[in-house]
Amino acid sequence: MTTTASLPTPAHQLSTPSAPASTSKTEDVNFQGLPIPRGPVTALLSFYKAPEDGAPPHNYVEPLLGVPQRNWGDDWQSVTLNDLRGIESQFSLDQNAFDTYQNVPSDEHDFTSDERIKSVYYPEVEKLLLENVQGAQKVILFDHTIRRPTGNRNPVTRVHIDQTPMSAAERVKLHAPDEADKLLQGRYRIVNVWRPLNGPVMGFPLAVADSQTVEDKDLIPIEHRYPHRNGQTASVRYNAGQKWYYWSGMTNQDRLLLKCFDSDESVGQWGRVPHTAFNDPRTPEGAVGRESIEVRALIFG
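Chains are numbered independently. Their residues run from 1 in the order of the written sequence. Reporting of local features is limited, given that this is a predicted model, to residues whose pLDDT is at least 70; pairs of side-chain atoms are given and counted only at 80 or more, and all residues count toward the totals for whole chains, interfaces and linings. Excluded from the side-chain calculations are hydrogens and water; all other atoms, namely the structure's heavy atoms, are used.

### Some words on the packing of aromatic side chains
Step number 1: Pairing of aromatic rings covers Phe, Tyr and Trp, the last counted by its six-membered ring, and requires centre-to-centre distances within 6.5 Å; plane angles under 30 degrees mean stacked, over 60 mean edge-to-face, and any other angle means tilted. What the rule picks out here adds up to seven aromatic pairs.
Step number 2: With centroids separated by 4.9 Å and ring planes inclined at 65°, the aromatic side chains of F91 and Y245 adopt a geometry described as edge-to-face. With F91 in the loop between β4 (73-83) and α1 (93-96) and Y245 in strand β12 (residues 244-246), this pair connects stretches of sequence that are 154 residues apart.
Step number 3: Buried residues are those whose accessible area, probed at 1.4 Å on protein chains only, stays under 20% of the maximum for their type, while exposed residues exceed 50% and partly exposed ones sit between those limits. Exposure remark for F91: the relative accessible area of 8% places this residue in the buried category.
Step number 4: A cation sits over an aromatic face here: R70 above W72, 5.1 Å from the ring centre.
Step number 5: Here R229 stacks its cationic end above the ring of Y226, 4.4 Å away from the centre of that ring. A helix here means a DSSP run of H or I that spans at least four residues, while a strand means a run of E at least two residues long, and both kinds are numbered starting from the N terminus. The criterion is that NZ of a Lys, or CZ of an Arg, lies within 6 Å of the ring centre and within 35 degrees of the ring normal, and then a charge sits over that ring.

As structure tokens, this is what we get:
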């Protein structure tokens, strides 16, 4: 039987922590002894810049020889990001399209074997979602991405949303073909579960925009061209009204949930969260590179 101590702690059940009386800033360090960047920060984020020739934006998932991988550009903007640490309870998946969980244990530590990730870590993620996402009755985990400085998948430093309404429906058909017609009649969501593998995060933390401050007109569908099919994500146009956040010093027991789509139109405005990795100018020289995993889930109910 799972004990209370081992359960994840949702942000809305956390009380505001009080600072230890004797804690100094120099004690807030990572395993290298380097200070963990905290608090608000101003950083450059890359937003959508339309193709100069007016063509619909597209991206080749597997680059073609002699062909540009994408046909749209970068609009770099200086943005202030506030720190979620200590104010987690002000945000939720339904209202802001992201949520935070702390003290989440895992029996997987290496994350080097896809087979073990699927047999050990996937069930943990499924349990987290079923027990904490309101209304969730069925979960399908359909893929994951590991990012390491030594790997071929680096942090994505471009503001984006992983899904659009079109691609979300296609995901249901692709991953639940026998039940798709029935499942598409009910509520379905796509949620990413993101965590570091070598926390606390020092470099290239993940930034999220409060979905309530993001206007539909600033979301640009991008055609993703795979060898055997096309998909779609959304790029994001800069708007000064957007409010941005990051969760400082994420540890291996922290989980950041990112809602990429929600078919429930009553929360449609809050059903998608723009996000991006960003270069934190305060990252100490020599800090360990960020390693992370994101698991993508279809949630029904």
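### A word on the pairing of strand β13 (residues 255-262)
Step number 1: The element β13 is extensively covered by neighbouring structure, given that eight of its eight residues are classed as buried.
Step number 2: With four bridges connecting them, strand β5 (residues 98-102) and β13 associate as antiparallel partners. Considered in β13, the bridge of F98 is made with L258.
Step number 3: Summarising the sheet, strand β8 (residues 188-196) and β13 pair through six bridges and their orientation is antiparallel. Each residue of the ladder has a partner; that of W194, found in β13, is L256. DSSP bridges decide pairing: two strands pair if at least two such bridges lie between them.

### Overview of the environment of P40
Step number 1: By secondary structure assignment, the location of P40 is in the loop between β1 (9-10) and β2 (41-49).
Step number 2: Sequence-wise, P40 and H58 are 18 residues apart; in three dimensions their C-alpha atoms are separated by 34 Å.
Step number 3: Contact criterion: two residues are considered in contact whenever any of their non-hydrogen atoms come within 4.5 Å of each other. With residues up to four places along the chain from it excluded, the contact list for P40 reads L81, N82, D83 and R282.

### Points about the nonpolar core
Step number 1: By nonpolar core is meant a set of buried Ala, Val, Leu, Ile, Met, Phe, Trp, Tyr and Cys residues that side-chain atoms within 4.5 Å join together. If you look at the biggest cluster of nonpolar residues, it comprises 31 residues, and the most contacted ones within it are L81, W244 and F278.
Step number 2: In terms of residues, this core owes the most to one element, β2, which gives four residues.
Step number 3: With residues near it in sequence (within four places) discarded, L81 still touches G39, P40, V41, A43, A207, W244, Y245, Y246 and F278.
Step number 4: By size, the runner-up hydrophobic cluster in this structure holds 23 residues, among which are I117, L128, V133 and V295.

### Topic: the environment of D143
Step number 1: Positionally, D143 belongs in strand β6 (residues 138-147).
Step number 2: It is 19 Å that separates the C-alpha atoms of D143 and D107, two residues lying 36 residues apart in sequence.
Step number 3: Excluding its chain neighbours within four sequence positions, the residues that come into contact with D143 are Y122, R171, E294, V295 and R296.
Step number 4: In protein, a polar contact requires one atom able to donate a hydrogen and another able to accept it; more generally it is a pair of N or O atoms within 3.5 Å, and residues adjacent in sequence count only if both atoms are side-chain atoms. Within polar-contact distance, the side chain of D143 engages the side chain of R296 at 2.9 Å.

### Thoughts on the confidence of the model for the protein chain
Step number 1: Scored from 0 to 100, pLDDT reflects the predictor's confidence in each residue. Across the protein chain, the average pLDDT comes to 91, with 91% of residues at 70 or higher.
Step number 2: Counting contacts from residues 1-6, a segment whose pLDDT is below 50, to residues more than four positions away or on other chains yields three contacts.
Step number 3: Within the model, the stretch residues 14-25 combines pLDDT values under 50 with four contacts to residues more than four positions away or in other chains.

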